Amino acid sequence: MGLDNVVVNWPRTGRFYEPVAPAEFVDFGEIVDMPQISAPTAALAELIAKTGTVRATAYTELVDLILGLENVLYATENSEEDEDPVIDPDGCGWIADGVERFVARHRVVDEAVTFETVSAVLRALLGDGRLAEQQLRWLDSRLDRLRDDSGAPPQWTFTCAELSVLAAFYRRCAERGFAVYAESVAPRRAVQP
């Protein structure tokens, strides 16, 4: 199953959330025309500009690791009685803050975001805190859980620019009072000719 984060009006009206018109994000299309922009960054910006949606599946592990919680982009913190998987505007601002701070710190290390560089950046951030030893143990356990059965790390291929576009999406939602609906979608299958 994939995950889309779709921009909706906050709060909901009636039983449903109303999608926000993609025109609220049309300026993200300007990123596509920037010189030397990577293909993944351009694709993310174009999708946001055209649909007001992020295909969040690729970013879930990284965002969870950066923010220190589980399933942030799935909006699973809601109670069982509250079936709506929605990230409210304040939550969007919190996500944007965390990703922006991470990107700023990561750019000092490298523009390419890999499992190894994420680990190094987070170690440096946590190593400065009051509870450094405890937080570093927590980080080690999180990093170990992300490895596959053979011990290989996830094969992340992000750039700081791509993560900046992701953060800008959530920042726009926070600033304009929009929410994000976490919509699980079935994986797309190739159509046989």
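Cut-offs used in this document
Residues numbered from 1 in each chain as written. Predicted model: local features only at pLDDT ≥ 70, side-chain atom pairs only at ≥ 80, totals over all residues. Heavy atoms only, no water. Phe/Tyr/Trp six-rings, centres within 6.5 Å; stacked < 30°, edge-to-face > 60°. Helix = DSSP H or I, 4+ residues; strand = E, 2+ residues; numbered from the N terminus. Buried < 20%, exposed > 50% of the residue type's maximum accessible area, 1.4 Å probe, protein only. Polar contact = N/O pair within 3.5 Å; in protein donor to acceptor, adjacent residues only side chain to side chain. Contact = heavy atoms within 4.5 Å. Axes fitted to C-alpha atoms, helices over the stretch in contact; angles between N-to-C directions. Parallel < 35°, antiparallel > 145°, perpendicular 65-115°, else oblique. Nonpolar A, V, L, I, M, F, W, Y, C, P; charged D, E, K, R; others polar. Expected span 1.5 Å × (residues − 1). Lys, Arg positive; Asp, Glu negative; His and termini not counted. Salt bridge = Lys/Arg side-chain N within 4 Å of Asp/Glu carboxyl O. Core = buried A, V, L, I, M, F, W, Y, C linked by side-chain atoms within 4.5 Å.

Undergrad: Would you mind going over the packing of aromatic side chains in detail, with residue names and values included?
TA: In the structure shown here, the tally under the stated rule is 8 aromatic pairs. A ring pair is formed by Y17 and Y181, whose centres lie 6.0 Å apart and whose planes are at 50°; its orientation type is tilted. Highlighted residues: Y17 in the loop between strand 1 (2-9) and helix 1 (29-32) and Y181 in strand 6 (residues 178-185), separated in sequence by 164 residues. Residue classification places Y17 among the buried residues on the basis of a relative accessible area of 17%. Cluster of aromatic residues (ring-pair linked, three or more members): F25, F28, F169, Y170 and F178.

Undergrad: Kindly report on the side chain of D4, identifying the contributing residues and their values.
TA: On the secondary structure map, D4 appears in strand 1. According to the relative accessible area criterion, D4 is buried, its value standing at 8%. For D4, the side chain forms a polar contact with the side chain of R55, separated by 2.8 Å.

Undergrad: With reference to specific residues and values, describe the environment of E70.
TA: One can find E70 in the loop between helix 3 (60-67) and strand 3 (86-87). Placed 47 residues apart in sequence, E70 and A23 show a C-alpha to C-alpha distance of 31 Å. Non-local contacts of E70, meaning those with residues more than four positions away in its chain, are made with D64, T76, R142 and R145. One polar contact links E70 to R145, side chain to side chain, over a distance of 2.7 Å.

Undergrad: Give a detailed account of the packing of helix 4 (residues 89-107) against helix 5 (residues 115-127), specifying residues and quantitative values.
TA: A pair of packed helices is captured by two measures, namely the crossing angle of their axes and the spacing between those axes. At a closest axis distance of 10 Å, the pairing of helix 4 and helix 5 adopts a crossing angle of 105°. One finds that helix 4 runs roughly perpendicular with respect to helix 5. Residues F102, R105 and H106 of helix 4 form the contact with helix 5, whose own contacting residues are T117, V118, V121, L122, A124 and L125. When the residues that make up the contact of helix 4 with helix 5 are grouped by side-chain class, the tally is 6 nonpolar, 2 polar and 1 charged.

Undergrad: So, the environment of R171: which residues are in play, and what are the values?
TA: By secondary structure assignment, the location of R171 is in helix 7 (residues 160-176). In this structure R171 touches G93, A96, D97 and E100, once residues within four positions along its chain are discounted. One polar contact links R171 to D97, side chain to side chain, over a distance of 2.4 Å. A distance of 2.7 Å separates the side chain of R171 from the side chain of E100, its partner in a polar contact.

Undergrad: Talk me through helix 5; I want residue IDs and the actual numbers.
TA: Side chains that are three or four residues apart share a direction in an α-helix, a result of its 3.6 residues per turn. Taking 1.5 Å of rise per residue, 13 residues should cover 18 Å, and helix 5 covers 18 Å from first to last C-alpha, within 8% of that figure. Here helix 5 has its buried residues at F115, T117, V118, S119, V121, L122 and L126. On its buried side, helix 5 packs onto helix 3, helix 4, strand 4 (112-113) and helix 6 (132-146).

Undergrad: Lay out the side chain of E162 with the relevant residues and their values.
TA: Mapped onto the fold, E162 is located in helix 7. Although E162 lies buried, it forms no salt bridge, and the closest oppositely charged side chain, R107, sits 11 Å away as judged by the N-O distance.

Undergrad: So, the nonpolar core: which residues are in play, and what are the values?
TA: Judged by nonpolar contacts, the single largest core of 49 residues is most densely connected at F25, Y59, L73, F102, L163, F169 and Y170. Elements represented by at least two residues in this core include exactly strand 1, helix 2 (39-51), helix 3, helix 4, helix 5, helix 6, helix 7 and strand 6. With 8 residues, helix 7 is the single largest residue contributor to this core. Leave out the neighbours within four places in its chain, and F25 touches V7, V20, I48, A49, G52, F169, R172, C173 and F178.

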